[in-house]
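Here's the letter readout for the chains.
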Amino acid sequence: MTYSPIDWSPGGVRVLDQTLLPDEERYIDLSTIDEMVEAIRMLRVRGAPLIGVSAAMGLAAAAARAHDNGDLSPEWAIAAADTLEGSRPTAVDLRWALDRMRRKTRDAAGHGSDGSTLVDVLRDEAQRIWDIEVGMCRSIGEHAATLIQPGFTVMTHCNAGALATGALGTALAGIYVAHEKGKGIDVVANETRPLRQGARLTAWELTKAGIATRVIVDGAAGSLMAKGEIDMVITGADRIVMNGDAANKIGTYQLAVLARAHGIPFYIAAPRSTFDFRLDTGSEIPIEERSADELPTAPGAQVYNPAFDVTPAELITAIVTDDGILRPPLDEAIREFADR
């Protein structure tokens, strides 16, 4: 990769502002909780794994600043983590990462650690979370690449690559690994309304990697499937629950329905951090609704702008994880996965 969507900076955390892509590659420095919350809410930082990594790194950076100002305490760190967790409701990686940060904070407090030690503990844990995501994404890529045959045309939705993870990606990880292995694949990237993450972000990073990419409007997916031009569909996820239902960017559900109608395999790719072992079915997943301003329309018209939908387990051919490929019955496979 010639870029990274996130890194440490001398004053905190440096992130690639994804709202400006593909027109401008601009990095911004964040050092406070409010700045990181704003970056997550406004999709400057986005993608379930990257949101978790960013929140952990943002908490560590803000804790260092609070320590310099004499404000840091375990209570401050826990409250800051709670604030960060409220920035977006659907992606469970955010809670996963912040639960780890809260646990480290409580452990440090239980050992009577001073503020300087707490700063180091939080920084080390944030880096560990990032390293874990990097490793999980590489493993997902290796497993997913086994599903991609030479010459395949792969459809994907939204963006689930390096820009969404701070690593190789989830849905795009298998595409990158297949490309590395010289399988000669093509990618169809759905535009992904209303914010065009497929057209703006997936196309940007895949073309930078030299992978042949076509962008289509979301409504053209069924047409290409009917023509026999799509060999498989693979997307990421923001939350997967115990029965195998998966929440992902709005429009994913209809892709799964279309894929089933045309006999095309439909895969989800996600790391362990995206699984919510506390929820039984997709009906329990909180679905974020975005501002009506993101969908310009005629004055006086009402807008329904959910950020995600839920794909039922029965429409998912398999789920590619960092620990292998989970196949139906997904509820049984996920229970075994949770116990490993």
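Computed from a prediction, not measured in an experiment: that's the story for all the values here. (Residues numbered from 1 in each chain as written. Predicted model: local features only at pLDDT ≥ 70, side-chain atom pairs only at ≥ 80, totals over all residues. Heavy atoms only, no water.)

*Asks:* Help me understand the sheet that holds strand β4 (residues 153–156) in this model?
*Replies:* Hydrogen bonds between backbone groups are what pair the strands of a sheet, and the pairing can be parallel or antiparallel. Strand order in this open sheet of 7 strands is β6-β5-β4-β7-β10-β12-β13, and the pairing throughout is mixed. Single-partner strands in this sheet number two, and they are β6 (213–216) and β13 (324–326). Strand-to-strand, the axes of this sheet are offset by a mean angle of 25 degrees, without reference to chain direction. Judged from the 3 bridges that link them, strand β10 (residues 266–269) and strand β12 (residues 318–321) form a sheet pairing that is parallel. (Pairing = 2+ DSSP bridges. Helix = DSSP H or I, 4+ residues; strand = E, 2+ residues; numbered from the N terminus. Axes fitted to C-alpha atoms, helices over the stretch in contact; angles between N-to-C directions.)

*Asks:* Quick question: what am I supposed to make of the nonpolar core here?
*Replies:* Here is a general trend for soluble globular proteins: nonpolar side chains tend to be buried in one another's company. In this structure, Ile6, Val13, Met57, Leu59, Leu84 and Met101 are the most contacted members of the largest nonpolar core, which totals 39 residues. Of all the secondary-structure elements, those providing two or more residues to this core are β1 (6–9), β2 (12–16), α1 (33–41), α2 (48–68), α3 (74–85), α4 (92–110) and α5 (115–145). By residue number, the principal contributor to this core is α2, which donates 12 residues. Apart from residues lying up to four places away in sequence, Val13 is in contact with Ile6, Asp7, Trp8, Ile28, Asp29, Leu30, Met36, Met57, Gly58 and Ala61. Counting residues in hydrophobic clusters, the runner-up holds 35 residues, among them Tyr3, Leu21, Leu168 and Ala318. (Core = buried A, V, L, I, M, F, W, Y, C linked by side-chain atoms within 4.5 Å. Buried < 20%, exposed > 50% of the residue type's maximum accessible area, 1.4 Å probe, protein only. Contact = heavy atoms within 4.5 Å.)

*Asks:* How should I be thinking about the state of the cysteines in this particular structure?
*Replies:* Linking two cysteines covalently via their sulfur atoms produces the bond known as a disulfide. For the coordinates displayed, the defined rule picks out 0 disulfides. Take Cys137: it sits in no disulfide, and the sulfur closest to it among the cysteines is that of Cys158, at 15 Å. On the basis of relative accessibility, which here comes to 7%, the residue Cys158 falls in the buried class. (Disulfide = S-S within 2.5 Å.)

*Asks:* So what exactly am I meant to see when it comes to α3 here?
*Replies:* In an α-helix, one turn spans 3.6 residues; hence positions three or four apart end up facing the same way. For α3, with 12 residues, the first-to-last C-alpha span of 17 Å sits near the 16 Å given by 1.5 Å per residue. Of the residues making up α3, those classed as buried are Ala77, Ile78, Ala80, Ala81 and Leu84. For α3, the buried positions fall inside an angular range of 160 degrees around the axis, keeping them on one side. Packing partners of the buried residues in α3 comprise α1, α2, α4 and α5. (Expected span 1.5 Å × (residues − 1). Arc of directions from axis to C-beta.)

*Asks:* Explanation requested: the packing of aromatic side chains in the structure shown.
*Replies:* By convention here, two paired aromatic rings are described through the distance between centres and the angle between planes. In this structure the tally under the stated criterion is 4 aromatic pairs. Here Phe277 and Phe337 contribute two aromatic rings whose centre-to-centre distance is 6.2 Å and whose plane-to-plane angle is 65 degrees, an arrangement assigned as edge-to-face. On the criterion of sequence distance, the pair formed by Phe277 in the loop between β10 and β11 (308–311) and Phe337 in helix α11 (residues 330–339) is long-range, its members being 60 residues apart. We classify Phe277 as partly exposed; its relative accessible area is 32%. Members of the aromatic cluster, joined through ring pairs, are Phe275, Phe277 and Phe337. Positioned above the aromatic ring of Phe337, the side-chain terminus of Arg272 is 4.2 Å from the ring centre. (Phe/Tyr/Trp six-rings, centres within 6.5 Å; stacked < 30°, edge-to-face > 60°. Lys NZ or Arg CZ within 6 Å of the ring centre and 35° of its normal.)

*Asks:* Would you take a moment to explain a negative patch on the surface for this structure?
*Replies:* Together, Asp331, Glu332, Glu336 and Asp339 make up a region of like negative charge exposed at the surface. Considering the arrangement of structural elements, one finds Glu332 in helix α11. (Patch = residues over 30% accessible without salt bridge, like charges linked within 9 Å, V, L, I, M, F, W, Y side chains within 5 Å. Areas by Shrake-Rupley, 256 points an atom, 1.4 Å probe, with all protein chains shown as cover. Salt bridge = Lys/Arg side-chain N within 4 Å of Asp/Glu carboxyl O. Lys, Arg positive; Asp, Glu negative; His and termini not counted. Charge placed at Lys NZ, Arg CZ, Asp CG, Glu CD.)

*Asks:* Is there a simple way to explain the packing of α1 against α3 in this structure?
*Replies:* Two packed helices can be described by the angle between their axes and the distance between those axes. Two elements in contact, α1 and α3, have axes whose closest approach is 10 Å; the angle formed by their N-to-C orientations is 15 degrees. Here α3 runs roughly parallel to α1, going by the angle between their axes. Note that α1 runs across α3; the crossing there is right-handed. Between α1 and α3, the contacting residues are Ile33, Met36 and Val37 on the first element and Trp76, Ala80, Thr83 and Leu84 on the second. Of the residues belonging to the contact of α1 with α3, the class tally is 6 nonpolar, 1 polar and no charged. (Parallel < 35°, antiparallel > 145°, perpendicular 65-115°, else oblique. Left-handed = near helix turned anticlockwise from the far one by under 90°. Nonpolar A, V, L, I, M, F, W, Y, C, P; charged D, E, K, R; others polar.)

*Asks:* Sorry if this is basic, but what is going on with the pattern of salt bridges here?
*Replies:* Side chains that differ in sign of charge can pair as their charged atoms come close. One pass over the full model with this rule turns up 22 salt bridges. Between Asp17 and Arg44 there is a salt bridge, with the nearest N and O atoms lying 3.2 Å from each other. Of the two residues, Asp17 is situated in the loop between β2 and β3 (27–30) and Arg44 in the loop between α1 and α2; the sequence distance between them amounts to 27 residues. For Arg138, the salt bridge identified is with Glu142, shortest N-O distance 2.9 Å. A residue pair is termed a helical-turn pair when its members lie 3 or 4 positions apart in one helix, as Arg138 and Glu142 do in helix α5 at 4 residues. The exposure class of Arg138 is partly exposed, given its relative accessible area of 33%. For Glu142, a relative accessible area of 32% corresponds to the partly exposed category. The structure contains a network of salt bridges with shared partners spanning Asp82, Glu85, Asp99, Arg102 and Arg278.

*Asks:* Mind showing me how you'd approach the pairing of β10 here?
*Replies:* If a strand is regular, its side chains alternate between the two faces of the sheet. On β10, burial covers both faces: Phe266 and Ile268 on one face and Tyr267 and Ala269 on the other are all buried. Examined bridge by bridge, strand β7 (residues 232–235) and β10 share 3 bridges and lie parallel to one another. Paired with Ile234 across the two strands is Tyr267, which belongs to β10.

*Asks:* Got a minute to help me understand the sheet that holds β2 in this structure?
*Replies:* In space, the 3 strands of this open sheet follow the order β1-β2-β3, with antiparallel pairing throughout. Edge strands, defined here as strands with exactly one partner in the open sheet, are β1 and β3. Between one strand axis and the next, the sheet turns through 30 degrees on average, direction left out of account. Here β1 runs beside β2; their pairing, made up of 4 bridges, is antiparallel. What sits directly across from Ile6, in β2, is Val15.

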